[in-house]
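Tertiary structure, described
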Amino acid sequence: MTPVLRVTSPGTLTTLQDLGRRGWLRFGVPASGAMDPVGLALANALVGNPLGTAALELTLAGAGFAVENGPVRIAVAGGEFPLALDGETVAGVRSHWLEPGRTFSLASARAGARAYLAVEGGFRVEPVLGSVATHVRSGIGGWQGRALRAGDALPLDKAAAEPGVERALPAGFKRPGHPRVRVVLGPQDDRFTAAAIETFLAAEYAVTNQADRMGYRLTGPKLEHAKGPDIVSDAVAPGSVQVPGFGEPIVLLADRQTTGGYPKIATVIGADLPALGQRRPGERLRFEAVTVEAAQAARRDLKAWLEKLPSLLVPAGRELDSEHLLAVNLISGVTDGRNGSLPAGLTPGSG
Amino acid sequence: MPAAYAAPRFLPAGDAALVVELGDAIDDRLNERVMALDRAIAGTGIPGVEETVPTYRSLLVLYEPDAIGWAELVRRLSALLDDLPAEAPAPAGRRWTLPVVYGGSFGEDLAFVAASHGLSEAEVVERHAGAEYRVHMIGFQPGFAYLGGLDPALRTPRRADPRPKVPAGTIAIGGAQTAVYSVEAPSGWHLLGRTPVRVFDLRRPEPFLLAPGDRVRFRPVPGDAWDGLVHRVEGGEAVAEAEMLP
């Protein structure tokens, strides 16, 4: 029998997501896919999957699961949703091998907005229009086209995960980041006054409660249109920042409608969309304009980082015994008293 | 073509997308030109171009910047535009005829639309079903086709009070446009009728009936034909009639 993940507590919006659909925008089908593809990649890397394998995306609230029929290997990454195995909280971002009969749960987000729960080998779910990504609004893809409910039993693609060495993120692990949200101005920046562009790039905006997979409505200084707030509807790229008549921007994200009739002052660059997908209502952000070339360089850097991601992982339980830590110590030139807090047998550089 | 710009505009939409804007209006010939560029890209296959989205007056081009740079992409697109015929390109795509039951419980706003234009219900149906529409673009919902070509006498501003839900297959008027609803959706448009044809159905090998550039006609059928047509649709029969445009 195929191992199954049984949903005991579904959370607020838990959906299957991969890297989204391609080729159907012209038919009005949103790309969908993970709001934080880097979080998705981390969870997948920890269980040894290709980085774009479909995983469960949790939104702000926690969720609970039971393992049935066979052993599975899981990992949770992205936002900080503390993981408990059979009620015992476990530390660190790492994979876990769980035999049938075990349960696990994720607590509500302490940081970030979305967690990714990956299973080794992925879920056994048929792609729809080339992708497993769920678009709840139109009932396309994922698990029966909808968010998970209590009692759902998700079959896994792998017959049985083998026990073995678990993988973890090394101590001091940091995902790539940038202090501001970088944008390329346009396509319709000429529909705004010069003062509006200046304000947009200088002011602080806050994510409102109207923030979901379609987009984030922001609040902050209003942006004045030069030629009115209506344009002949056109297609909407990922990360488009549209400004309706009330003058506050809306960043359009994974589940955005494919076309829209408001001017788009700028477009968030691909490299900064994953971190934006972890922002939550009330958080503040600032924009920064970059050139197309700089945006493409950032995209290449992220791609290169993702390619080497699997090699950055370390065996679980030896997170502190990493080349990373060795490098830190070599640079600092001292192995100071902090070593005394290391678990017995773990000495920097010993292996 | 007064709706078109003298020269196309190439506008950045982030690091991996570009907008080719050919004009700033809802206009059949401008839209034909967008479709012609779209077909030219599909026909030649520019390396690095991953997806295109034709809309009323522009084309969104999603590309892989590692495979093609901005300057080279603009050069290739400009060359394709230069090679398009200056005059109206030949129509391409398909012409669909969809059966529609107008009025009554199938089109709750037919009486309102008739009254607001000083027409009888039969005259509204005659004008709506007498026109040939073109799919200007698809958006809003999967498979939702914005149809241009509405008789100006039928233009009706949107409702002040949108309905939370109208069924799939609804034929409605919003401003100068008309559309077939592809899925159940909220709507501020005026409901004229309903077709049993599913323009979006994931059970079909080709889930989307209408493509940008296609033509659409409506054929009025009596209300007592509805159940029979629905039965045929559920049996997998294509009750929409299609012919290829030359």
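Residues numbered from 1 in each chain as written. Chains lettered and ligands numbered in written order. Predicted model: local features only at pLDDT ≥ 70, side-chain atom pairs only at ≥ 80, totals over all residues. Heavy atoms only, no water.

1. A few points about the sheet that holds strand 6 (residues 83-85) of chain A
Either a parallel or an antiparallel arrangement is found when strands of a sheet pair, and the pairing is made through backbone hydrogen bonds. All names here are of chain A. Reading across the sheet, the six strands line up as 7-6-9-4-1-11 and stay open at both edges, with antiparallel pairing between neighbours. Because the sheet does not close on itself, it has two edges, and the strands there are strand 7 (88-90) and strand 11 (153-155). Within the sheet, the average angular offset between the axes of one strand and its neighbour, ignoring direction, is 30°. The pairing of strand 1 (residues 4-9) with strand 11 spans three bridges and is classified as antiparallel. (Pairing = 2+ DSSP bridges. Helix = DSSP H or I, 4+ residues; strand = E, 2+ residues; numbered from the N terminus. Axes fitted to C-alpha atoms, helices over the stretch in contact; angles between N-to-C directions.)

2. Examining the pairing of strand 6 (residues 133-138) of chain B
All names here are of chain B. A large share of strand 6 lies buried, amounting to six of its six residues. Pairing of strand 6 with strand 13 (residues 215-220), which is carried by two bridges, proceeds in the antiparallel orientation. Paired with tyrosine 133 across the bridge in strand 13 is valine 216. Two elements, strand 6 and strand 7 (residues 145-148), share four bridges in a ladder whose sense is antiparallel. From the neighbouring strand, isoleucine 138 faces strand 7, where its bridge partner is alanine 145. Connecting strand 6 to the antiparallel partner strand 7 that follows it, the hairpin turn spans six residues, and phenylalanine 140 within it adopts a positive phi of roughly 70°. (Buried < 20%, exposed > 50% of the residue type's maximum accessible area, 1.4 Å probe, protein only.)

3. A few points about the interface of chain B and chain A
Counting residues at the interface gives 44 residues for chain B and 39 residues for chain A. Interface area lost by chain B to chain A is led by Asp15, Glu51 and Phe208 of chain B, which between them contribute 17%. Remark: the boundary between chain B and chain A carries eight salt bridges. Glutamate 64 of chain B serves as the salt-bridge partner of arginine 299 of chain A, at 3.0 Å between the closest nitrogen and oxygen. Linking chain B with chain A are 16 residue pairs in polar contact (both at pLDDT 80 or more). Elements with a minimum of two residues in the side of chain B that touches chain A: strand 1 (4-12), strand 2 (17-23), strand 3 (49-54), strand 4 (58-63) and strand 6 of chain B. The dominant element in the side of chain B that touches chain A, judged by the number of residues it contributes, is strand 3 of chain B, at five residues. For the side of chain B that touches chain A, a count of residues per class yields 27 nonpolar, seven polar and ten charged. (Contact = heavy atoms within 4.5 Å. Buried area = accessible area lost by both parts, 1.4 Å probe. Salt bridge = Lys/Arg side-chain N within 4 Å of Asp/Glu carboxyl O. Polar contact = N/O pair within 3.5 Å; in protein donor to acceptor, adjacent residues only side chain to side chain. Nonpolar A, V, L, I, M, F, W, Y, C, P; charged D, E, K, R; others polar.)

4. Overview of the confidence of the model for chain B
Mean pLDDT over chain B works out to 92, with 96% of the residues at or above the 70 mark. Across the whole predicted complex the pTM is 0.90, and at the interface the ipTM reaches 0.90. (pLDDT = per-residue confidence, 0-100.)

5. A short note on the packing of aromatic side chains
In the structure shown here, the tally under the stated rule is 18 aromatic pairs over all chains. Aromatic pair phenylalanine 27 of chain A and phenylalanine 208 of chain B: ring centres 4.8 Å apart, planes at 10°, arrangement stacked. Here phenylalanine 208 of chain B lies in the loop between strand 12 (190-194) and strand 13 and phenylalanine 27 of chain A lies in the loop between strand 2 (15-17) and helix 1 (37-46), a pairing that spans two chains. Taking the relative accessible area as the measure of exposure, phenylalanine 27 of chain A reaches 16% and is therefore buried. Exposure remark for phenylalanine 208 of chain B: the relative accessible area of 6% places this residue in the buried category. These aromatic residues form a ring-pair network of at least three members: Tyr56, Phe140, Phe144, Tyr146, Tyr181 and Trp189 of chain B. Sitting over the face of the ring of phenylalanine 246 of chain A, arginine 217 of chain A holds its NZ or CZ atom 3.9 Å from the ring centroid. (Phe/Tyr/Trp six-rings, centres within 6.5 Å; stacked < 30°, edge-to-face > 60°. Lys NZ or Arg CZ within 6 Å of the ring centre and 35° of its normal.)

6. Description of the pairing of strand 4 (residues 63-68) of chain A
Residues and elements named next belong to chain A. Buried residues dominate strand 4, accounting for five of its six residues. One ladder, built from five bridges, connects strand 1 with strand 4; its direction is antiparallel. Residue pairing across strands places leucine 5 opposite valine 67, the latter belonging to strand 4. Bridge analysis of strand 4 against strand 9 (residues 103-106) gives four bridges, and the strand direction is antiparallel. Among the inter-strand pairings, alanine 63 is bridged to a residue of strand 9, identified as leucine 106.

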